[in-house]
Amino acid sequence: KGYPQSILDDVPGMCRAAETKSSDDVFMETKELLAFGSLKKSARQIIYDGIRAAARDGLDDKEKMAINGIAQELGVEEAELSKIYDLVQQENDLREERIKLLFPHGHPCLPGHE
């Protein structure tokens with residue numbers, strides 16, 4: 001959505017690099033980044049976006065463990081984390097309800113709803 005092609009071209013390489021990192025590496029890098037400016041207040045947003053991304057194909061135990069570990073490292077309380085998980089589930093449920101209502105016979109551009 002409006003990103004320069006040079007950034008888009010780098011995404012596959014960044015994904016491959018991310019897959020080789022341990023959870024500890026990710027925790028450390030995230031904590032370091034949160035020390036800068038506006039990112040200091042972004043822990044919950046990072047957790048929210050992580051859950052949304054991981055939930056697209058269903059959250060597995062490994063993903064939940066990683067998210068929970070990062071949330072703990074970032075100081076997100078367990079009750080807050082639970083609310084974020086619930087919010088993502090509510091949004092996903094609403095999305096599915098909207099798709100079923102607006103496209104009752106499916107749509108070729110909606111994976112799983114052809």
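Described below are features of the structure shown in this document. Not measured: the values here are computed from a predicted model.

What counts as what
Residues numbered from 1 in each chain as written. Predicted model: local features only at pLDDT ≥ 70, side-chain atom pairs only at ≥ 80, totals over all residues. Heavy atoms only, no water. Salt bridge = Lys/Arg side-chain N within 4 Å of Asp/Glu carboxyl O. Buried < 20%, exposed > 50% of the residue type's maximum accessible area, 1.4 Å probe, protein only. Helix = DSSP H or I, 4+ residues; strand = E, 2+ residues; numbered from the N terminus. Axes fitted to C-alpha atoms, helices over the stretch in contact; angles between N-to-C directions. Left-handed = near helix turned anticlockwise from the far one by under 90°. Contact = heavy atoms within 4.5 Å. Nonpolar A, V, L, I, M, F, W, Y, C, P; charged D, E, K, R; others polar. Core = buried A, V, L, I, M, F, W, Y, C linked by side-chain atoms within 4.5 Å.

**Some remarks on the pattern of salt bridges**
Consideration 1: In the structure shown here, the tally under the stated rule is four salt bridges.
Consideration 2: With a shortest N-O distance of 2.8 Å, E29 and K21 are connected by a salt bridge.
Consideration 3: Owing to a relative accessible area of 33%, K21 belongs among the partly exposed residues under this scheme.
Consideration 4: Note that E80 is salt-bridged to R44, the shortest N-O span being 3.1 Å. Of this pair, E80 sits in helix α5 (residues 78–102) while R44 sits in helix α3 (residues 43–55); the two residues are 36 residues apart in sequence, bridging distant segments of the chain.
Consideration 5: For R44, a relative accessible area of 41% corresponds to the partly exposed category.

**Notes on the packing of helix α2 (residues 23–33) against helix α4 (residues 61–73)**
Consideration 1: Viewed as axis vectors pointing N to C, α2 and α4 meet at an angle of 40 degrees, and their least axial separation amounts to 10 Å. For the element pair α2 and α4, the recorded crossing hand is right-handed. Residues V26, F27 and K31 of α2 lie in contact with α4, whose contacting residues are A66, G69, I70 and E73.
Consideration 2: Here the contact of α2 with α4 is built from residues that sort into four nonpolar, one polar and two charged.

**Notes on the nonpolar core**
Consideration 1: Ranked by internal contacts, the top residues of the largest apolar core, which has 17 residues, are I47, I51, I67, L74, V76 and L81.
Consideration 2: Counting only elements with at least two residues in this core, the list comes to α3, α4 and α5.
Consideration 3: Looking at this core element by element, the count peaks at six residues for α3.

**Considerations on the environment of D25**
Consideration 1: With respect to the helices and strands, D25 occurs in helix α2.
Consideration 2: Overall, the relative accessible area of 37% leaves D25 in the partly exposed class.

**Observations concerning the environment of L101**
Consideration 1: With respect to the helices, strands and loops of the structure, L101 is situated in helix α5.
Consideration 2: Exposure remark for L101: the relative accessible area of 66% places this residue in the exposed category.
Consideration 3: Taking the C-alpha atoms as reference points, L101 and S42, 59 residues apart in sequence, are found 34 Å from one another.

Take it as geometry only, folks, not as evidence of what the structure does.
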